[in-house]
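# Structure assessment
The lines below spell out each chain.
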Amino acid sequence: MKLTILTVVVGVLLLVVIFELLRRRQLREKYAVLWIVVGIGVIPLSLFPRGLDVVAKLIGVASGASLVLFLGILLLLLICTHLSWEVSRLEEETRTLAEEVALIRTRLAELDSRELSHDER
Amino acid sequence: MTSDKRVLIIIPAFNEAESIGKVIAEVHAELPTVDVLVVDDGSIDDTSAAARVAGAIVTTLPYNLGVGGARRLGYLYALRHDYDVAVQLDADGQHDPRNVSALVSALDSADLVIGARFAGEGDYRARGPRWWAMSLLSFVLSKLARTRLTDTTSGFRACGRPLIEGYARWLPVEYLGDTIDTTVWAARNGYTVRQVPVAMRARMAGTPSASPIKATMYLLRAMITLLLALVRK
């Protein structure tokens, strides 16, 4: 019973944190949806920890707990991969911006010096 | 220069205030009609100012991207300002501007020309893992480009319009990627690659890395870069 309380509290807390981050516009929807789905999935499981035993048996996993661990690690791996991909993309985007900034600075310096020499005349 | 082609010399520079002025002066003395672009890769010293004083066009990146990043910006500049030929040169004075015209004229029969250090001229030598890496790269890239390439990691190279367009869009920021990847890319896309022997001089400033651990890391990184370049889409 104690364990159920712990797991339910953790699940609800997760949902609250995500909702709060969304409310403060700190989290883009695409990530929020993912975590809300995870949170909603975790709460019934915390109430009925034996609920997955049937599914586990069906695919040859000894117990529901092992199945949850397996799926959990798989999900985390996928999210990590996705974040690495996202960071690479962001780096490429900032790189492009840096290039544009450099070119604009050069052009600006060129125009400034042209104006200067024009004034002297 | 014999033709009426517009040539841009791209010099990526990161904290090279000491040598950049001399390099630019030398280029101007040797090739008075050629434009020089210094890409200041987020230096914290006076590289930009020194280059401007020496008469180069300077473009300054807001933060350090690495030599590949600086080079891609150089190609982007060449593309936007309609240059016909882009020549890469190092800021440390290793590359002799007297070889530039040989590189540019070799472009008549090739799309990418690499100034090679081991092709007979000069006395540059490498040993140990670094040498193994270079031999392996030479072997694979020579096969790929169907020509003898002896110095695939040389940053002294020239290319024409089609490759300027390609490199402005796509040039890896990673160390070694900017030399190996770009050569593989050119060869795989059907461009002609050629090499021209050049003499390599001692650097005006800074010291080359030569520790055995670094050389081994270099070998590993070269192999990874090469493998990735070969399987890339």
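All values reported here derive from a predicted model rather than from experimental measurement.

### Section: the nonpolar core
Residue and element names in this part refer to chain B. Ile9, Ile11, Leu37, Val38, Ala86 and Val87 are the most contacted members of the largest nonpolar core, which has 71 residues in total. Top contributing element to this core by residue count: helix H3 (residues 67-80), with 7 residues. Those residues in contact with Ile11 that sit more than four places away from it in its chain are Val23, Val36, Leu37, Val38, Val39, Leu89 and Ala91.

### Comments concerning the domain arrangement of chain A
Looking at chain A, the domain boundaries give domain 1 (1-47) and domain 2 (63-121). The gap between the C-alpha centroids of domain 1 of chain A and domain 2 of chain A is 30 Å.

### Let's talk about the environment of Thr192 of chain B
Residue and element names in this part refer to chain B. Checked against the element boundaries, Thr192 lands in the loop between helix H7 (177-188) and strand E7 (193-197). Here Thr192 falls in the partly exposed class, since 15 other C-beta atoms lie within 10 Å of it. For the pair Thr192 and Val173, spaced 19 residues apart in sequence, the C-alpha separation works out to 23 Å. Beyond its immediate sequence surroundings of up to four residues, Thr192 is in contact with Ala110 and Asp111.

### Details of the interface of chain A and chain B
For interface size, the figure often reported is the accessible area lost on association. Listed as interface residues are 8 residues of chain A and, on the opposing side, 13 residues of chain B. Across the side of chain A that touches chain B, the residue classes tally to 4 nonpolar, 1 polar and 3 charged.

### Regarding the sheet that holds strand E2 (residues 35-40) of chain B
Residues and elements named next belong to chain B. Read across the open sheet, the 7 strands follow the order E3-E2-E1-E4-E6-E5-E7; overall the sheet is mixed. Across the chains shown, the open sheet's two edge strands, defined by having one partner strand only, are strand E3 (57-60) and E7. Looking at each pair of strands side by side, their axes are set apart by 20° on average, direction ignored. Sheet topology places strand E5 (residues 112-116) next to E7; 5 bridges connect them, and they run parallel. Residue pairing across strands places Gly115 opposite Val196, the latter belonging to E7.

### A closer look at the packing of H3 of chain B against helix H6 (residues 161-169) of chain B
Packed helices, taken two at a time, are described by the angle their axes make and the gap between the axes. Residue and element names in this part refer to chain B. In the contact formed by H3 and H6, the axes pass within 8 Å of each other and the chain directions differ by 130°. Overall, the two elements H3 and H6 adopt an arrangement that is oblique. Between H3 and H6 the crossing geometry is left-handed. In this structure, H3 contributes Arg72, Tyr75, Leu76, Ala78 and Leu79 to the contact, and H6 contributes Ile164, Glu165, Tyr167 and Ala168.

Rules of the game
Within every chain, residues take consecutive numbers counted from 1 along the sequence as written. As a convention, the first chain written is A and the first ligand written is 1, with the rest following in written order. The predicted origin of the model limits local features to residues at a pLDDT of at least 70 and limits the giving and counting of side-chain atom pairs to 80 or more, whereas totals for whole chains, interfaces and linings rest on all residues. Note on definitions: a nonpolar core is a set of buried residues drawn from Ala, Val, Leu, Ile, Met, Phe, Trp, Tyr and Cys, linked by C-beta atoms within 7 Å. Whether a residue is buried, exposed or partly exposed is read from the other C-beta atoms within 10 Å of its own C-beta, which are placed from the backbone; 20 or more gives buried, 12 or fewer gives exposed, and intermediate counts give partly exposed. Secondary structure counts use DSSP, requiring at least four H or I residues in a row for a helix and at least two E residues in a row for a strand, with both numbered from the N terminus. A residue pair is marked as a contact if its C-beta atoms, positioned from the backbone, fall within 7 Å. Segment limits for the domains were obtained from an automatic or database-derived domain assignment. Ten residues, namely Ala, Val, Leu, Ile, Met, Phe, Trp, Tyr, Cys and Pro, are considered nonpolar, four, namely Asp, Glu, Lys and Arg, are considered charged, and the remaining ones, Gly among them, are considered polar. Here the rule is simple: two strands pair whenever DSSP picks up at least two bridges between them. Lines fitted to C-alpha atoms define the axes, with helix axes restricted to the stretch in contact, and inter-axis angles between N-to-C directions lie between 0 and 180 degrees. Small angles under 35 degrees read as roughly parallel and large ones over 145 as roughly antiparallel, with 65 to 115 read as roughly perpendicular and the rest as oblique. Note: crossing handedness is left-handed where the near helix turns anticlockwise from the far helix by less than a right angle, and right-handed where it turns clockwise.

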